[in-house]
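# Structural description and commentary
One-letter residues, chain by chain:
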Amino acid sequence: MTQNLLALNWKMNKTPAEARAWAEELREKLTANDTELAVMAPAVALASLAAHLPPGVALGAQDVSAHESGAYTGETSAAMLVDVGAKYAVVGHSERREYHHETDADVAAKAKQAQANGLIPIVCVGEGLNVREQGEQVAYTLGQLEGSLVGVGPEVVIAYEPVWAIGTGKTATADDAEELAAAIRDALIERYGSDADGIRILYGGSVKPDNIATLCAKPNVNGALVGGASLKVPDVIGMNDALK
Ligand SMILES: O=C[C@H](O)COP(=O)(O)O
């Protein structure tokens, strides 16, 4: 059975000192189970977290440069993230696509660069409200997936995040999430063959302790990418416990 991944995306929240306090509280309260827990923190908090996270909790970044190194002011390379202990890097989050105009080709370039350095990319896809209202969510999301995986190998995690459900309190139903996760699984099998079996597909969008179990009970949903509910340790414990 595929191990669930509970990926916590703090977005632009928590200073390094706040990250350390969160990690110490998590260390006190976490009971490990079969779920893999990973924290996608702001780059400046990664070193602090690496030193204080409970054993077995993975570290990730929220973005990674498409370039190896050089004159790219403000960017963080995959090698730098690996050096500080990161295992994952989110790429193509809808907030990066919207506010930084990242295209599918940009996302694929970042995912390739991550893999070349041993980081596992968490590639985000998902439709906006107008696409959903037109009933075009499957075609739209699969188009985004294809473009975002050009040249990318199967060492990848996919996060399906319908944009209309992010930070809004509107969660897709478990059946909505499974519809897209199953379509994504079929596309991954077409692309990677039997290597697609172990690829985890996460759902993201207003996930909380009281809805995560129902969402992750679906056969093609292998965990969650969580924003708001990742900031407070009791919510994280609630979600982790719900996946036992
Ligand atoms: O990366 C996480 C997603 O954007 C979901 O955020 P949310 O849980 O606050 O809706």
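Residues numbered from 1 in each chain as written. Predicted model: local features only at pLDDT ≥ 70, side-chain atom pairs only at ≥ 80, totals over all residues. Heavy atoms only, no water.

### Brief notes about the site of the ligand
The criterion, for reference: A cutoff of 4 Å decides nearness: a residue is near a molecule or strand if any of its heavy atoms lies inside that distance of it. Contacts described as polar in this section are N or O atom pairs within 3.5 Å, which, within protein, must combine one atom able to donate a hydrogen with one able to accept it, while residues neighboring in sequence count only if both atoms come from side chains. Accessible surface area values rest on a Shrake-Rupley calculation with a 1.4 Å probe, where residue burial reflects the displayed protein chains alone. Classification convention: Asp, Glu, Lys, Arg as charged; Ala, Val, Leu, Ile, Met, Phe, Trp, Tyr, Cys, Pro as nonpolar; all other residues, Gly among them, as polar.
Of all residues adjacent to the ligand, which total 13 residues, the nearest are Lys11, His93, Gly167, Ser206 and Gly228. Contact distances for the ligand include 2.7 Å between an oxygen atom and a side-chain N or O atom of lysine 11. Contact distances for the ligand include 3.3 Å between an oxygen atom and a side-chain N or O atom of glutamate 161. Taking 300 Å² as the accessible area of the ligand by itself, protein coverage stands at 95%. Among the residues making up the shell around the ligand, the classes are represented as four nonpolar, seven polar and two charged.

### A closer look at the side chain of glutamine 137
The criterion, for reference: Each helix corresponds to a stretch of at least 4 residues labelled H or I by DSSP, and each strand to a stretch of at least 2 residues labelled E; elements are numbered beginning at the N terminus. Only protein chains enter the accessibility calculation, which uses a 1.4 Å probe; a residue whose area is less than 20% of its type maximum is buried, one above 50% is exposed, and one in between is partly exposed. Residues count as neighbours in contact if any of their non-hydrogen atoms are within 4.5 Å of one another.
Turning to its location among the elements, glutamine 137 is positioned in helix H7 (residues 137-148). Classification of glutamine 137 by relative accessible area gives buried; the value is 9%. Engagement of the side chain of glutamine 137 in a polar contact is seen with the side chain of glutamate 179, the distance being 3.4 Å. Not counting chain neighbours up to four residues away, the residues in contact with glutamine 137 comprise Glu127, Val131, Arg132, Glu179 and Leu180.

### Side note on the packing of helix H1 (residues 16-29) against helix H10 (residues 233-242)
To characterise two packed helices, one gives the angle between the axes of the helices and the distance between these axes. Filter applied, for reference: The angle between two axes is taken between their N-to-C directions and runs from 0 to 180 degrees, where each axis is a line fitted to C-alpha atoms and a helix contributes only its stretch in contact. When describing relative orientation, an angle under 35 degrees is termed roughly parallel and one over 145 degrees roughly antiparallel, while 65 to 115 degrees is termed roughly perpendicular and anything else oblique. Crossings are classed by handedness, with left-handed meaning an anticlockwise turn of the near helix from the far one by less than a right angle and right-handed meaning a clockwise turn.
Taken N-terminus to C-terminus, the directions of H1 and H10 make an angle of 40°; their axes are 10 Å apart at the nearest point. Accordingly, the angle class assigned to the pair H1 and H10 is oblique. When the axes of H1 and H10 are compared, the crossing they make is right-handed. Taken together, the residues of H10 that come into contact with H1 (itself represented by Trp22, Glu25, Leu26 and Lys29) are Val233, Pro234, Val236 and Ile237. A class-by-class count of the residues in the contact of H1 with H10 yields six nonpolar, no polar and two charged.

### Notes on the layout of surface pockets
Operational definition: Residues are called lining when one of their atoms sits within 4 Å of a cavity or pocket point, these points coming from a 1 Å grid over the protein atoms alone, where a cavity is a set in which a 1.4 Å probe fits but cannot get out and a pocket is an open set with protein on both sides within 12 Å along at least five of seven lines. Grid points are joined across faces, edges and corners, and a volume is the space filled by probe spheres set on the points.
For the largest pocket, the calculated volume is near 730 Å³. Lining the largest pocket are 27 residues; nearest its centre among them are Gln62, Asp63, Val64, Arg96 and His100. Sorting the residues of the lining of the largest pocket by element identifies helix H4 (94-99) and helix H5 (104-116) as the ones contributing at least two each. Sorting elements by how many residues they give to the lining of the largest pocket places H4 first, with three residues. Residues that form the lining of the largest pocket fall into these classes: 10 nonpolar, nine polar and eight charged.

### A few points about the UniProt feature "binding site: substrate" (unreviewed entry) in the protein
Rules: UniProt positions are given in the numbering used here, feature names are shortened, and annotations may be inferred rather than shown by experiment.
When the UniProt feature table is mapped to this numbering, "binding site: substrate" (unreviewed entry) covers Asn9, Trp10, Lys11, Gly167, Ser206, Gly227 and Gly228. Despite a sequence span of 220 residues, these residues sit close together in the fold, their greatest C-alpha distance being 13.8 Å. For the largest pocket, the lining residues drawn from the annotated set are Asn9 and Lys11. Among all residues touching asparagine 9, those that are not within four sequence positions of it are Met40, Gln62, His93, Leu225, Val226, Gly227 and Ser230. Among the secondary structure elements, serine 206 is positioned in the loop between strand E7 (200-204) and helix H9 (212-216).

### Let's talk about the UniProt feature "active site" (unreviewed entry) in the protein
As annotated by UniProt and renumbered to match this structure, "active site" (unreviewed entry) occupies His93 and Glu161. Maximum C-alpha separation among the annotated residues is 8.5 Å over a sequence range of 69 residues, consistent with a single clustered spot. Filtering the just-named annotated residues for those lining the largest pocket gives His93. Of the residues examined, histidine 93 reaches a relative accessible area of 4% and is grouped as buried. As for its placement among the helices and strands, glutamate 161 is situated in the loop between strand E6 (157-160) and helix H8 (174-192).

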